[in-house]
Amino acid sequence: MPSNRVVILRNRVCPYCRIDLSPGNESTEHVVGRKFVPKGTLENQWNLILKACDNCNGNKADLEDDISAITMQPDVSGQHFGSHPQLAKDAAHKATKASSRHTGKAVGDSQPNLVVKGELAKGVSVTFNFTGQAVISPERAFDLAAYHFQAFFFYLTFNPGDGCGPELPGVYAEIQAVSKRDWGNDVARAFMARTRSWEPQLVFTTASGHFRLAIRKHPDKQMWSLATEWNENYRVMALCGEESDLREFMSGLPAMGGEVYRGADGSTLIARTEKQLATEDDDLFAP
Ligand SMILES: [Zn+2]
């Protein structure tokens, strides 16, 4: 568990794309972005500051922009996921300032609408309208999480002599990107249960609880579990290591399940009830 101070790495290669850094192509990179979490929550708290190339820095900032805005938004009843007073303020500001890459509109205007039409009996039709929260594309969430995992892995075994750190070893496998309403789903629970006893390499909570990360290593195999949580609202779980070990791990995960509904026009809708996770059952980031 790192202490409450900032760590500054004097690195000479970009931790993300591995190019050599020089004053012409580098910029300072706060791995937990200062604007990614509610304003001020990183003050006097642990963070990792290093150098990255301008290109990677820009790509990461673009991912952080809408993902931060969306993860700060309240649920459909207006309830915020965290209780920090700055969270609601920043959420309101970002709802108009950040645009969803999914809809192209402001995050505050990006709630999805799902219309389901059906026939109850002959001649009696029904229409359901569902309104949800603005959606993060899982692809973007996995991309941003990969930046976080890569930077903290780089830090873990950084060599100050040559200014280098290792890449994430082996293959990166995406397990799940999921919002808080569904942290207790079968796959998330199985991932947590199966990696709980692995050796903690880096496990921390910072930004007054708005950023968490855990890297654990399998006791015998070259396989690491990677998990991060953003703004008390959203989690990404992944693995890296030997491909055959990853395949074996993933083949043991349960199926997500769900009920399949088929419309008269041939369309299908898979509905699954989200499962919440009780605080006492949650040890994904337990040290
Ligand atoms: Zn780079």
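Here, every reference points to the structure presented above.
Described below are features of the structure shown in this document. (Residues numbered from 1 in each chain as written. Predicted model: local features only at pLDDT ≥ 70, side-chain atom pairs only at ≥ 80, totals over all residues. Heavy atoms only, no water.)

**Let's talk about the overall build of the protein**
Inference 1: Scanning the protein from N- to C-terminus turns up 5 helices and 12 strands.
Inference 2: For 287 residues, the compact-globule estimate of 2.2 N^0.38 gives 19 Å, and the C-alpha radius of gyration of the protein, at 21 Å, lies within 12% of that figure.
Inference 3: Its C-alpha atoms give the protein principal-axis dimensions of roughly 75 × 45 × 35 Å.
Inference 4: Looking at the protein as a whole, 45% of its 287 residues qualify as buried.
Inference 5: Taking contacts inside the protein between residues at least 6 apart in sequence as the whole, the part at least 24 apart equals 63%.
Inference 6: Surface summary for the protein: the accessible area is close to 14800 Å², and the carbon and sulfur share equals 49%.
Inference 7: A gap of 4 Å separates the mean positions of the 31 positive and 35 negative side-chain charges of the protein. (Helix = DSSP H or I, 4+ residues; strand = E, 2+ residues; numbered from the N terminus. Rg over C-alpha atoms; globule rule 2.2 N^0.38 Å. Buried < 20%, exposed > 50% of the residue type's maximum accessible area, 1.4 Å probe, protein only. Contact = heavy atoms within 4.5 Å. Areas by Shrake-Rupley, 256 points an atom, 1.4 Å probe, with all protein chains shown as cover. Lys, Arg positive; Asp, Glu negative; His and termini not counted. Charge placed at Lys NZ, Arg CZ, Asp CG, Glu CD.)

**Comments concerning the sheet that holds strand E6 (residues 171–179)**
Inference 1: Within the open sheet, the 5 strands sit side by side as E6-E10-E9-E8-E7. Their pairing is antiparallel. Single-partner strands in this sheet number two, and they are E6 and strand E7 (199–206). Looking at each pair of strands side by side, their axes are set apart by 10° on average, direction ignored.
Inference 2: Relative to strand E10 (residues 234–241), E6 runs antiparallel, the two sharing 8 bridges. Counted as the bridge partner of Val178 is Arg235 from E10. (Pairing = 2+ DSSP bridges. Axes fitted to C-alpha atoms, helices over the stretch in contact; angles between N-to-C directions.)

**Regarding the environment of Phe81**
Inference 1: On the secondary structure map, Phe81 appears in the loop between helix H1 (54–72) and helix H2 (85–97).
Inference 2: Sequence separation between Phe81 and Thr71 is 10 residues, and the spatial gap between their C-alpha atoms is 8.7 Å.

**Brief notes about the packing of aromatic side chains**
Inference 1: A complete count under the given rule lists 14 aromatic pairs for this structure.
Inference 2: Ring centres 6.3 Å apart and planes at 45° place the aromatic pair Trp46 and Phe152 in the tilted group. Within this pair, whereas Trp46 is found in the loop between strand E2 (26–30) and strand E3 (47–53), its partner Phe152 is found in helix H3 (residues 138–156), the two being separated by 106 residues in sequence. Here Trp46 matches Phe152 in class, with each residue buried.
Inference 3: With 5.8 Å between their ring centres and 75° between their planes, Trp198 and Phe249 make a pair best called edge-to-face. Of this pair, Trp198 sits in the loop between helix H4 (186–195) and E7 while Phe249 sits in helix H5 (residues 243–251), and the two are 51 residues apart along the sequence.
Inference 4: For Trp198, a relative accessible area of 5% puts it in the buried group. (Phe/Tyr/Trp six-rings, centres within 6.5 Å; stacked < 30°, edge-to-face > 60°.)

**Observations concerning the packing of H1 against H2**
Packed helices, taken two at a time, are described by the angle their axes make and the gap between the axes.
Inference 1: Between H1 and H2, the shortest axis-to-axis distance is 8 Å and the interhelical angle comes to 125°. With respect to H2, the axis of H1 lies oblique. The handedness of the crossing between H1 and H2 comes out as left-handed. Of the residues in H2, those touching H1 at Ser68, Ala69 and Met72 are Leu87, Asp90, Ala91 and Lys94.
Inference 2: Classifying every residue of the contact of H1 with H2 gives 4 nonpolar, 1 polar and 2 charged. (Parallel < 35°, antiparallel > 145°, perpendicular 65-115°, else oblique. Left-handed = near helix turned anticlockwise from the far one by under 90°. Nonpolar A, V, L, I, M, F, W, Y, C, P; charged D, E, K, R; others polar.)

**Remarks on the coordination of the zinc ion**
As a benchmark, a tetrahedral metal site with four donors has ideal angles of 109.5 degrees, while an octahedral site with six donors has ideal angles of 90 or 180 degrees.
Inference 1: At 2.3 Å from the zinc ion lie its protein donor atoms, namely Cys14 (SG), Cys17 (SG), Cys53 (SG) and Cys56 (SG).
Inference 2: For the zinc ion, the 4 donor atoms in the first shell make angles of 101 to 118° at the metal, so the coordination geometry reads as tetrahedral.
Inference 3: Motif for the zinc ion, donor spacing along one chain: C-x2-C-x35-C-x2-C. Residue Cys17 is found in the loop between strand E1 (6–8) and E2, and its partner Cys56 is found in helix H1; the two are separated by 39 residues along the sequence.
Inference 4: The exposure class assigned to Cys17 is partly exposed, which follows from its relative accessible area of 34%. (Donors = N, O, S within 2.8 Å, 3.2 Å for Na, K, Ca; no water. Tetrahedral: all angles 85-135°; square planar, octahedral: opposite > 155°, others 65-115°.)

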